[in-house]
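# Reading the structure
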Amino acid sequence: MHNTTCIGGIELGGTKTVFAIGNTAGAILRKETVPTREPVSVIADACRFFKNDARAISALGVGAFGPVVIDRQAPDFGHLLETNKPGWSGFDLMGALATGIGVPARLVTDVGAAAIAEARLGALRSVEIGIYLTVGTGIGGAIICNGELLPALLHPEMGHVALHRLPDDGASSTCSFHDDCAEGLVAGPAILARFGASLDHFAPASAQFDLVADYLGQLCSNLVLTLSPQRIVLGGGVGQAPGLTLAVQEAMVRKLGVYGPAATRQAGYVCPPALAQDAGVIGAVLCAVGSSEARTIVNT
């Protein structure tokens, strides 16, 4: 039976924002990408995209960069907290979307949306506990438990986990909050600040490539020791660098030593997203399908 119900999706990332109209199975019918600029412009782009399409959406899923308040009971639900992204700190994202678009909506993080897509359609299917880790403009993470995001006070901030710096690494952190967190050391802007070029300009086994893999492997080893996931998916623009997934897994295993679970040494334990760069927007659509949150969050 052909499904005509349309769901809207927004993947609000630190560099780009993707708008999409999809169906309840997660198939994308139309999408558009714009740069993530100041909030007023991005909200205006969203309103134009959805209102100018003949297909009316019945619900909206939003995956937003953080930190963002995702607890519906919190007085500042839907607001961005202090962020490295200029102009977005304190912005009432869900209030603006309710005013501009006015359909039931559900909010998750951008990496949470990607994790939902991978859990339902991709690399985290049939995984009881899985982690989606994205490395791009920032570093974010989401925890999947039996196909759903793990409830939390705010949301996981894996990119701000402190790491042990390598000997002689005196590079300045690009995080305005921490001197030695993963995001400040090896997110996309940190790599560019360190080396003057993005990671895909460096070959695997080069000193630059090995430094990034070492820090991300250290982060993954911390996640293994904390959560013992059955799989880690490594996404994001930096995560796409050829050879990085394998190098990160090897670095993670070295950090764990003999202490780590045997599964962490199996091929594909750290793997790329099956849905590639579309995981976030597909997940944004899917997170609003049949969600009680999407049915209760309305324009107020």
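Thresholds applied
Per-chain numbering applies: the sequence of each chain, read as written, is numbered from 1 onward. Totals for whole chains, interfaces and linings use every residue, but because this is a predicted model, local features are given only for residues with pLDDT of at least 70 and side-chain atom pairs only at 80 or more, for both listing and counting. The side-chain values count all of the structure's non-hydrogen atoms but skip hydrogen atoms and water molecules. Fitted lines through C-alpha atoms give the axes, limited to the stretch in contact for helices. The angle between two N-to-C directions lies from 0 to 180 degrees. To qualify as a helix, a DSSP run of H or I must reach at least 4 residues; to qualify as a strand, a run of E must reach at least 2; elements of each kind are numbered from the N terminus. Orientation labels follow simple angle bins: below 35 degrees gives roughly parallel, above 145 gives roughly antiparallel, 65 to 115 gives roughly perpendicular, and whatever is left gives oblique. Definitions for this section: a left-handed crossing has its near helix turned counterclockwise from the far helix by less than a right angle. A right-handed crossing has that turn clockwise. The contact rule is simple, with two residues in contact once any of their heavy atoms fall within 4.5 Å. Here the nonpolar group is Ala, Val, Leu, Ile, Met, Phe, Trp, Tyr, Cys and Pro; Asp, Glu, Lys and Arg are the charged ones; every other residue, Gly included, is treated as polar. The quantity known as pLDDT measures the predictor's confidence residue by residue, on a range of 0 to 100. For the purposes of these results, a polar contact is taken to be a pair of N or O atoms within 3.5 Å, where, inside protein, one atom must be able to donate a hydrogen and its partner to accept one; residues adjacent in sequence count only when each atom of the pair is a side-chain atom. If DSSP finds at least two bridges between two strands, the strands pair. Each Phe, Tyr or Trp ring (for Trp, its six-membered ring) is paired with any other whose centre lies within 6.5 Å, and the angle between the two planes then decides the class: stacked below 30 degrees, edge-to-face above 60, tilted in between. For every residue, the accessible area (1.4 Å probe, protein chains only) is compared with the maximum for its type, and the residue is labelled buried under 20%, exposed over 50%, or partly exposed between those bounds.

All right, on to the packing of helix H6 (residues 207-227) against helix H7 (residues 244-256) then. Where H6 contacts H7, the two axes come as close as 7 Å, and the packing angle between them is 60 degrees. Taken together, the axes of H6 and H7 lie oblique to each other. The chirality of how H6 crosses H7 is right-handed. Across from Phe209, Val212, Ala213, Asp214, Leu216, Gly217, Gln218, Cys220, Ser221, Val224 and Leu225 in H6, the residues of H7 making contact are Leu244, Ala247, Val248, Ala251, Met252, Lys255 and Leu256. Tallied by class, the residues present in the contact of H6 with H7 amount to 13 nonpolar, three polar and two charged.

Now for the confidence of the model for the protein. Overall, the predicted model of the protein reaches an average pLDDT of 92, with 95% of residues at or above 70. pLDDT under 50 marks residues 295-300. Its contacts with residues more than four places away, or in other chains, come to 14 contacts.

So, about the side chain of threonine 36. Relative to the helices and strands, threonine 36 is located in the loop between strand E3 (28-35) and helix H1 (39-51). Among the polar contacts listed, one links the side chain of threonine 36 to the backbone oxygen of glycine 13, at a separation of 2.7 Å. For threonine 36, the side chain forms a polar contact with the side chain of threonine 17, separated by 2.8 Å. With residues up to four places along the chain from it excluded, the contact list for threonine 36 reads Leu12, Gly13, Gly14, Thr15, Lys16, Thr17, Val42, Phe65, Lys85 and Trp88.

Pairing within the open sheet is mixed, and its five strands lie in the order E8-E7-E6-E9-E10. Edge positions in the sheet fall to strand E8 (148-149) and strand E10 (270-271), since each of these pairs with one other strand and no more. Two strands pair when backbone bridges link them, and strand E6 (residues 129-135) and strand E7 (residues 139-145) are joined in this way by seven bridges, in the antiparallel orientation. What sits directly across from valine 135, in E7, is isoleucine 139.

What follows deals with the packing of H1 against helix H2 (residues 93-100). Packing of H1 against H2 brings their axes to within 10 Å, and their N-to-C directions diverge by 35 degrees. Along this stretch, H1 crosses H2, giving a crossing that reads as right-handed. Between H1 and H2, the residues in contact are Ile43, Ala46, Cys47 and Lys51 and Leu93, Ala96, Leu97 and Gly100, respectively. Partitioned by chemical class, the residues of the contact of H1 with H2 number six nonpolar, one polar and one charged.

Before going further, it helps to examine the packing of aromatic side chains. Applying the stated criterion across every chain yields a total of six aromatic pairs. Pairing phenylalanine 49 with phenylalanine 50 gives two aromatic rings, centres 4.9 Å apart and planes at 90 degrees, and the pair type is edge-to-face. Each member of the pair, phenylalanine 49 as well as phenylalanine 50, is classed as buried. With a centroid separation of 5.5 Å and an interplanar angle of 75 degrees, the aromatic rings of phenylalanine 65 and tryptophan 88 are classed as edge-to-face. Remark: tryptophan 88 occurs in the loop between strand E4 (59-64) and H2 and phenylalanine 65 occurs in the loop between E4 and H2; sequence separation between them is 23 residues. Take phenylalanine 65 and tryptophan 88: they sit in the same class, and that class is buried.

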